[in-house]
Amino acid sequence: MQDRLVALVTGANQGIGLQIAKDLAAQGFTVLVGSRNLERGEAAAKQVGPDARAIQLDVTDENSIAATKRIRSELGRLDVLVNNAAISNTTKLSGQSVTEYAKTVRPSNASLDEMRAVWDTNVFGVIAVTQAMLPLLREAPAARIVNVSSSSGSLTMNSDPANPHRAMFGPVYPASKTALNAVTLAMAIELESEAIKVNAVSPGFTRTNLNNYQGTETVEEGAREAVRVALLGPDGPTGTFSNTSGVIPW
Ligand SMILES: NC(=O)c1ccc[n+]([C@@H]2O[C@H](COP(=O)([O-])OP(=O)(O)OC[C@H]3O[C@@H](n4cnc5c(N)ncnc54)[C@H](OP(=O)(O)O)[C@@H]3O)[C@@H](O)[C@H]2O)c1
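All values derive from a computational prediction rather than experimental measurement.

What is the right way to look at the site of the ligand in this model?
The local shell around the ligand holds 29 residues, among which Asn13, Gln14, Tyr173, Thr206 and Thr208 are the closest. Between an oxygen atom of the ligand and a main-chain N or O atom of Thr206, the distance comes to 2.7 Å. Contact distances for the ligand include 2.5 Å between an oxygen atom and a side-chain N or O atom of Thr208. For the ligand, whose free accessible area comes to 900 Å², the fraction covered by protein is 95%. Elements with a contribution of two residues or more to the shell around the ligand: α1 (15-26) and α8 (173-191). For the shell around the ligand, the per-class residue count stands at eleven nonpolar, 14 polar and four charged.

Dropping the structure here:
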């Protein structure tokens with residue numbers, strides 16, 4: 001088993017995940033750069049640093065998840081899992097603004113196939129990858145799981161009529177993050193007695209492929225809270241949902 005701490009970041013070939021990988025590498029981790037396309041992962045790993053390595057990982061593909069067993073034989077440990085991979089839709093926004101797109105994915109007109117595809121990645125993918133990684137995480141002295149969620153999934157915030165963003169709350173992407181929040185809390189409760197901390201974070205509206213680069217924050221800003229909770233010490237919290245300004249209501 002190697003001495004350096006090991007982190008796996010899913011969907012780390014671009015966007016916020018790539019920045020989280022870079023930041024964890026700067027903190028001394030050996031970073032496994034998860035990417036559903038190995039070549040894109042390898043190109044990203046080069047940017048992350050000399051000790052980073054790409055790992056082919058499609059979070060919706062059980063064979064791809066099973067192949068990550070080689071983390072045990074190659075590195076012998078896993079200390080941090082960042083469930084970052086997600087999709088906002090299955091079609092390109094093709095010039096539509098995020099607001100225009102939101103009108104096509106309301107409860108009255110959302111495609112169930114679209115909803116299943118998004119939840120498959122954003123919710124079931126997180127559970128599948130976490131279940132596969134738990135045996136190694138349980139052997140780590142202080143494992144951390146970070147689920148990259150979104151404040152757009154906050155039921156409390158979307159219940160507030162004064163929230164200008166609540167028209168965007170729909171069953172496809174936003175509710176997939178609500179479900180991810182529920183899963184995060186369930187994981188935190190189950191793993192509390194094992195001192196594995198599980199927290200959800202919201203990056204903020206970040207300029208990435210996910211929103212056709214319409215976001216307003218940089219990837220450095222978007223990655224910050226995920227990295228902070230990945231590095232929590234023994235006295236840090238578990239079962240929280242937060243951004244760089246503090247706790248977000250579920
Ligand atoms: N950007 C924002 O404003 C914002 C706001 C709130 C929350 N978030 C969250 O932040 C996280 C990162 O998003 P981002 O903005 O950085 O988006 P992004 O640039 O589109 O990156 C998403 C990453 O997930 C990967 N991915 C998608 N489906 C996958 C699958 N089945 N298996 C493995 N990887 C998969 C993508 O791979 P490919 O390159 O192969 O497509 C890509 O690497 C997501 O959880 C997102 O929901 C983002």
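The structure having been displayed, the exposition proceeds.
When you look at a nonpolar patch on the surface in this model, what are you seeing that I'm missing?
A cluster of nonpolar residues, Leu185, Ile189 and Trp250, forms a patch on the protein surface that exposes about 270 Å² of accessible area. Mapped onto the elements, Ile189 comes out in helix α8.

Would you take a moment to explain the nonpolar core for this structure?
One recurring pattern in soluble globular proteins: nonpolar side chains tend to sit buried together. One finds Leu8, Met133, Leu137 and Ile145 to be the most contacted residues of the largest nonpolar core, which totals 30 residues. Of all the secondary-structure elements, those providing two or more residues to this core are β1 (6-9), α6 (112-139) and α8. The biggest single contributor to this core is α6, with seven residues. Those residues within four positions of Leu8 in sequence are excluded, and the remaining contacts are Leu32, Gly34, Ile55, Leu57, Ile71, Leu78, Val80, Leu81, Val82 and Met133. With 28 residues, the next largest nonpolar core counts Ile20, Phe29, Val82 and Leu232 among its residues.

About the thresholds
- Residues numbered from 1 in each chain as written.
- Predicted model: local features only at pLDDT ≥ 70, side-chain atom pairs only at ≥ 80, totals over all residues.
- Heavy atoms only, no water.
- Near = heavy atom within 4 Å.
- Polar contact = N/O pair within 3.5 Å; in protein donor to acceptor, adjacent residues only side chain to side chain.
- Areas by Shrake-Rupley, 256 points an atom, 1.4 Å probe, with all protein chains shown as cover.
- Helix = DSSP H or I, 4+ residues; strand = E, 2+ residues; numbered from the N terminus.
- Nonpolar A, V, L, I, M, F, W, Y, C, P; charged D, E, K, R; others polar.
- Patch = residues over 30% accessible without salt bridge, like charges linked within 9 Å, V, L, I, M, F, W, Y side chains within 5 Å.
- Salt bridge = Lys/Arg side-chain N within 4 Å of Asp/Glu carboxyl O.
- Core = buried A, V, L, I, M, F, W, Y, C linked by side-chain atoms within 4.5 Å.
- Buried < 20%, exposed > 50% of the residue type's maximum accessible area, 1.4 Å probe, protein only.
- Contact = heavy atoms within 4.5 Å.

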